[in-house]
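Examining the three-dimensional arrangement
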Amino acid sequence: MKKLVVFYSFEGNTKYIAEGIAKEVGADLLELKPLEEPKKSGFMKYFWGGKQVMTKKIPELESIDKNPNDYDLIYMGTPVWAWSYAPAFRAFLSKVNIKNKNIALFCCHGGGKGKVFERFKEDLGENKYLGQIDFQDPLKNNKDKDLEEAKKWAKEIKESII
Ligand SMILES: Cc1cc2nc3c(=O)[nH]c(=O)nc-3n(C[C@H](O)[C@H](O)[C@H](O)COP(=O)(O)O)c2cc1C
């Protein structure tokens, strides 16, 4: 069974969880990288990113070298931006057509995940959703515990379809 972990991460939290999951279940990794990503901080960071979510901006991505349709199980991880998924995934979904796949969703947030999973599933469409899990800024809070939890969750998802 081929597994893929697709993720976007602005500040490293989602990347940390994504890499842990990929290692645990033996999955390929695909990091979504917007071509223009200014390093913003503080209030400007929320303003810049929140605006992209609100206007449904589709950022230009670096080329994608893996086809999700070659995989049997896809884990997708995003930071929560303005209570939704990050714009890099809007760009990804505009490029690939993912249908009837086994999908598991994870996210990192600062304490208010809002409707991230509902919105993500709505825009992903007809697929089989096997699970979802969220973490609150793992790099700042429960780094080791969150990683263990993520690995356990990912393994259970994998085993549920073997
Ligand atoms: C533009 C922007 C918008 C954000 N919006 C939210 C939000 O609505 N709710 C929340 O809990 N955290 C929000 N955050 C915080 C991040 O989701 C959180 O810090 C996450 O762990 C970051 O993941 P990353 O390090 O992979 O980028 C936002 C961060 C940014 C940069």
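Residues numbered from 1 in each chain as written. Predicted model: local features only at pLDDT ≥ 70, side-chain atom pairs only at ≥ 80, totals over all residues. Heavy atoms only, no water.

Counting buried residues along helix 3 (residues 87-95), seven of its nine residues qualify, which places the element largely inside the surrounding structure. Where helix 3 is concerned, the buried positions are Pro 87, Ala 88, Phe 89, Arg 90, Ala 91, Phe 92 and Leu 93. The elements touched by buried residues of helix 3 are strand 1 (3-7), strand 2 (28-31), helix 2 (42-54), strand 3 (73-79) and helix 4 (116-124). (Buried < 20%, exposed > 50% of the residue type's maximum accessible area, 1.4 Å probe, protein only. Helix = DSSP H or I, 4+ residues; strand = E, 2+ residues; numbered from the N terminus. Contact = heavy atoms within 4.5 Å.)

Moving on: the layout of surface pockets. Quantified by volume, the largest pocket comes out at close to 610 Å³. Looking at the largest pocket, it is lined by 23 residues, and the ones nearest its centre are Glu 11, Tyr 46, Val 80, Trp 81 and Gly 110. At the level of secondary structure, the elements contributing two or more residues to the lining of the largest pocket comprise helix 1 (13-25), helix 2 and strand 4 (102-109). With four residues, the top contributor of residues to the lining of the largest pocket is helix 2. Residues of the lining of the largest pocket, tallied by class, amount to nine nonpolar, 10 polar and four charged. (1 Å grid on protein atoms, 1.4 Å probe; cavity = no way out; pocket = protein on both sides within 12 Å on 5 of 7 lines; lining within 4 Å. Points joined across faces, edges and corners; volume = space filled by probe spheres on them. Nonpolar A, V, L, I, M, F, W, Y, C, P; charged D, E, K, R; others polar.)

Attention now goes to a nonpolar patch on the surface. Side chains of Phe 43, Met 44 and Phe 47 sit close together on the surface and give an oily, nonpolar patch of about 360 Å² of accessible area. Mapped onto the elements of the fold, Phe 47 is located in helix 2. (Patch = residues over 30% accessible without salt bridge, like charges linked within 9 Å, V, L, I, M, F, W, Y side chains within 5 Å. Areas by Shrake-Rupley, 256 points an atom, 1.4 Å probe, with all protein chains shown as cover. Salt bridge = Lys/Arg side-chain N within 4 Å of Asp/Glu carboxyl O.)

What follows deals with empty space enclosed by the protein. What the rule picks out here adds up to one cavity of 30 Å³ or more. Taken as a whole, the largest cavity holds about 40 Å³ of empty space. Those elements that place two or more of their residues in the lining of the largest cavity are helix 2 and helix 3. Taken together, the residues that form the lining of the largest cavity break down as three nonpolar, two polar and two charged.

On to the UniProt feature "domain: Flavodoxin-like" (unreviewed entry) in the protein, then. In this numbering, the UniProt entry assigns the feature "domain: Flavodoxin-like" (unreviewed entry) to residues 3-158. This span, residues 3-158, is 38% helix and 21% strand, and a straight line between its end C-alpha atoms measures 9 Å. (UniProt positions renumbered as here; feature names shortened; annotations may be inferred.)

Taken in spatial order, the five strands line up as 2-1-3-4-5 in an open sheet, and their pairing is parallel. Each edge of the open sheet carries a strand with a single partner, namely strand 2 and strand 5 (128-136). This sheet shows a mean twist of 15 degrees between the axes of neighbouring strands, independent of strand direction. Two strands pair when backbone bridges link them, and strand 4 and strand 5 are joined in this way by eight bridges, in the parallel orientation. From the neighbouring strand, Phe 106 faces strand 5, where its bridge partner is Ile 133. Contacts from helix 3 reach strand 1, strand 2 and strand 3, with the element oriented near 145 degrees to strand 3. (Pairing = 2+ DSSP bridges. Axes fitted to C-alpha atoms, helices over the stretch in contact; angles between N-to-C directions.)

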